[in-house]
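These are the residues of each chain, in order.
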Amino acid sequence: MQPSVAVVVKGYPRLSETFIAQEILALEARGLALDIWSLRHPTEKAVHPMHRQIRAKAHYLPEYLYQEPLRVLKGVLWGLRQPSAWPMLASFWRDLKRDLTPNRGRRLGQAFVLAREMPAHVRHLHVHYLHTPASVVRYAAMLRGLSWSFSAHAKDIWTTPGWELTEKIADSLWGVTCTRGGQARLTDLSPEAEARLALVYHGLDLSRFPAPPERPLRDGADPADPLRLVTVGRAVAKKGFDDLLAALAALPDGLHWRLAHVGGGELLPALKRQAAQEGIAGKVVFLGPKAQPDIITLMRDADLFVLPAKEGTSGDRDGLPNVIMEAASQRLAIIASDFAGIPEFIRDGREGVLVPPGRWDLLANAINLLARAPAQRAALGAAAAERLTRDFSMEAGIDVIAAKLKAALGQSPAVTAPGSTEEAMAE
């Protein structure tokens, strides 16, 4: 059987992780055999069309060890018989002394199961996120004597302790990350990261998106045809949706608008209460999680996309949210925060408007001004679409990852690609 890569994720499938589904599908198209291993079962009923196109089989580890005790016991008994068990357990013990939590023990149990159940044709592991999923992969790779690599994204980079990031990078074969800020954080922490880490933007597979629509020139003056705003993201602190609602509540009465929010999340009830308290509940609709085609339809009907991201709890932050590039694919004008990886794509006044994170007053001003300037919105949307097409298509980044994975499997890469897509960025 063809040598394969085990791709390990925290949850699968997830509506909020289109970039992972896009990557898996593109790697399969480049001839790589993949198996998907997920730490969690799906919690959403809807899936993206990409998920249905992926050929790789999804396997699910015990989310909580007590739920599948026999499976866990088999993994432990098998693992303890392996020559590499004691070096792995020594590494786990060092980790446990610095992170004395039930979560650490759960990852060890999942690693025993993963190491035992992975088929013999798996020759390399690739994990998304450097926090808990990478712990499972690191322990399992030690047990099986396999190499592993990682894709670091956002929360994992900014909320994982420095000692843990440093040791994981040192144990990995190579890694990629999707923003310059994330790359700088990891290279500052780890001497090994300089040689092992590449900057690879997710980009978009533009063949999956329709051509941008022609938009009416709404300016918010007509109450019968209000300005249409859309925002997309999980209702969590780092998305800044509380700031967006505060900004909208501060808009002048003569500006007529409606907002559609797409996404689930634990803060959704609080946001609904805030909208009611601000007196704007009749202008805001919370649509819940939606598949990508539904989101694109909303964007095509909208006049303005807004994402006021900021630092969340425990230092959590976004990378470069794919929804911003999706909005750009439809030439939709964008207002976002000058924060995290966003300014790596959106340059203020060129591809969109950027405001300082957490400043709902400045956000309100930006929305008010751009709402009344449909020609400026059109120009910004066109510039963002051009930058997306020129500098942020999916192909270059996927070629880098595919070449690295094929090299890990001992195959000859079908493409010759640089170790980073950073050079392709136009400043």
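For the structure given in this document, a descriptive report is provided here. (Residues numbered from 1 in each chain as written. Predicted model: local features only at pLDDT ≥ 70, side-chain atom pairs only at ≥ 80, totals over all residues. Heavy atoms only, no water.)

What to know about the environment of Ala 385
Heads up, the rule is: Helix and strand definitions follow DSSP, with helices as H or I runs of at least four residues and strands as E runs of at least two, each counted in order from the N terminus. Residue contacts are counted whenever heavy atoms from the two residues lie within 4.5 Å of one another.
One can find Ala 385 in helix 16 (residues 374–391). When the C-alpha atoms of Ala 385 and Gln 330 are compared, they prove to be 7.1 Å apart, with 55 residues separating the residues in sequence. Those residues in contact with Ala 385 that lie beyond four places of it in its chain are Ala 328 and Arg 331.

Considering a nonpolar patch on the surface
Threshold: Patch building starts from residues that exceed 30% relative accessible area and form no salt bridge, then joins like charges within 9 Å and nonpolar side chains (Val, Leu, Ile, Met, Phe, Trp, Tyr) within 5 Å. Accessible surface is estimated by sampling points in the Shrake-Rupley manner with a 1.4 Å probe; for residues, cover comes only from the protein chains shown. Here a salt bridge means any side-chain nitrogen of Lys or Arg lying within 4 Å of a carboxyl oxygen belonging to Asp or Glu. When accessible area is computed with a 1.4 Å probe and restricted to protein chains, residues below 20% of their type maximum are described as buried, those above 50% as exposed, and intermediate ones as partly exposed.
Where nonpolar side chains cluster on the molecular surface, the patch consists of Leu 70, Leu 73 and Leu 77 and spans about 290 Å² of accessible area. Tracing the chain through its elements places Leu 70 in helix 3 (residues 69–80). When its relative accessible area of 55% is taken as the criterion, Leu 70 is described as exposed.

Details of the nonpolar core
Here is the rule we go by: Remark: nonpolar core denotes a set of buried residues (Ala, Val, Leu, Ile, Met, Phe, Trp, Tyr, Cys) joined through side-chain atoms within 4.5 Å.
Membership of the largest hydrophobic core comes to 61 residues, with the highest contact counts inside it found for Met 299, Phe 305 and Ile 367. The element best represented in this core is helix 15 (residues 360–371), accounting for 6 residues. Leave out the neighbours within four places in its chain, and Met 299 touches Arg 215, Val 230, Val 232, Phe 305, Val 323, Glu 326, Ala 327, Gln 330 and Leu 332. Counting residues in hydrophobic clusters, the runner-up holds 40 residues, among them Leu 39, Met 118, Ala 141 and Ile 157.

Side note on the pairing of strand 1 (residues 4–11)
Convention followed: Strand pairing is assigned whenever DSSP detects at least two bridges linking the two strands. Note on handedness: a clockwise path from strand one over the helix to strand two, with the strands aimed away from the viewer, defines a right-handed crossover.
Of all 8 residues in strand 1, 8 are buried, a share of seventy percent or more. Here 7 bridges tie strand 1 to strand 2 (residues 33–40), and the two strands are oriented parallel to one another. Bridge pairing in strand 2 links Ser 4 to Ala 33. Regarding the hand of the β-α-β motif, the stretch spanning strand 1, helix 1 (residues 18–29) and strand 2 is right-handed.

Section: the pattern of salt bridges
A complete count under the given rule lists 28 salt bridges for this structure. Between Glu 117 and Arg 71 there is a salt bridge whose closest N-O contact spans 2.8 Å. Placement of Glu 117 in helix 5 (residues 102–117) and of Arg 71 in helix 3 is noted, with a sequence separation of 46 residues between them. Classification of Glu 117 as partly exposed rests on a relative accessible area of 26%. A relative accessible area of 18% places Arg 71 in the buried class. Between Asp 242 and Lys 310 there is a salt bridge; the shortest N-O distance is 3.2 Å. Taken together, the positions of Asp 242 in helix 11 (residues 241–249) and Lys 310 in the loop between strand 11 (304–307) and helix 14 (322–329) put the pair 68 residues apart, joining distant regions of the chain. A relative accessible area of 32% means that Asp 242 is categorised as partly exposed. A single network of salt bridges, built from pairs that share partners, joins Asp 95, Arg 98, Asp 99, Arg 104, Arg 138, Glu 164, Glu 167, Lys 168 and Asp 171.

Considerations on the packing of helix 4 (residues 85–98) against helix 6 (residues 132–144)
Between two packed helices, the angle of one axis relative to the other and the distance separating the axes together describe the packing. The cut-off we apply is this: Axes here refer to lines fitted to C-alpha atoms; in helices the fit is confined to the stretch in contact. Angles between the N-to-C directions go from 0 to 180 degrees. For classification purposes, an angle smaller than 35 degrees is called roughly parallel, one larger than 145 roughly antiparallel, one from 65 to 115 roughly perpendicular, and anything else oblique. In this scheme the crossing of two helices becomes right-handed for a clockwise turn of the near helix relative to the far one and left-handed for an anticlockwise turn of less than a right angle. When residues are sorted by character, Ala, Val, Leu, Ile, Met, Phe, Trp, Tyr, Cys and Pro go into the nonpolar class, Asp, Glu, Lys and Arg into the charged class, and all the rest, Gly among them, into the polar class.
It is at 8 Å that the axes of helix 4 and helix 6 come closest, and there the two elements cross at 160 degrees. The angle between helix 4 and helix 6 places the two elements in the roughly antiparallel class. Two packed elements cross with a definite hand, and for helix 4 against helix 6 that hand is right-handed. Along the contact surface, helix 4 presents Ala 85, Met 88, Ser 91, Phe 92 and Asp 95, while helix 6 presents Arg 138, Tyr 139, Met 142 and Leu 143. A class-by-class count of the residues in the contact of helix 4 with helix 6 yields 6 nonpolar, 1 polar and 2 charged.

Describing the side chain of Glu 164
Residue position: Glu 164 is located in helix 8 (residues 162–171). Once residues within four sequence positions are removed from consideration, Glu 164 is found in contact with Arg 104 and Ser 135.

Focus: the sheet that holds strand 1
The strand order 3-2-1-4-5-6-7 describes an open sheet built from 7 strands, whose pairing is parallel. At either end of the open sheet lies a strand with only one pairing partner, and these are strand 3 (58–60) and strand 7 (197–199). On average, adjacent strands in this sheet sit at an angle of 25 degrees to one another, irrespective of strand direction. Relative to strand 4 (residues 122–128), strand 1 runs parallel, the two sharing 5 bridges. From the neighbouring strand, Val 7 faces strand 4, where its bridge partner is His 126. Across the sheet, helix 1 touches strand 1, strand 2, strand 4 and strand 5 (147–152), and the angle it forms with strand 2 is around 160 degrees. Strands strand 1, strand 2, strand 4 and strand 5 of the sheet are contacted by helix 6, whose axis makes an angle of about 165 degrees with strand 4.

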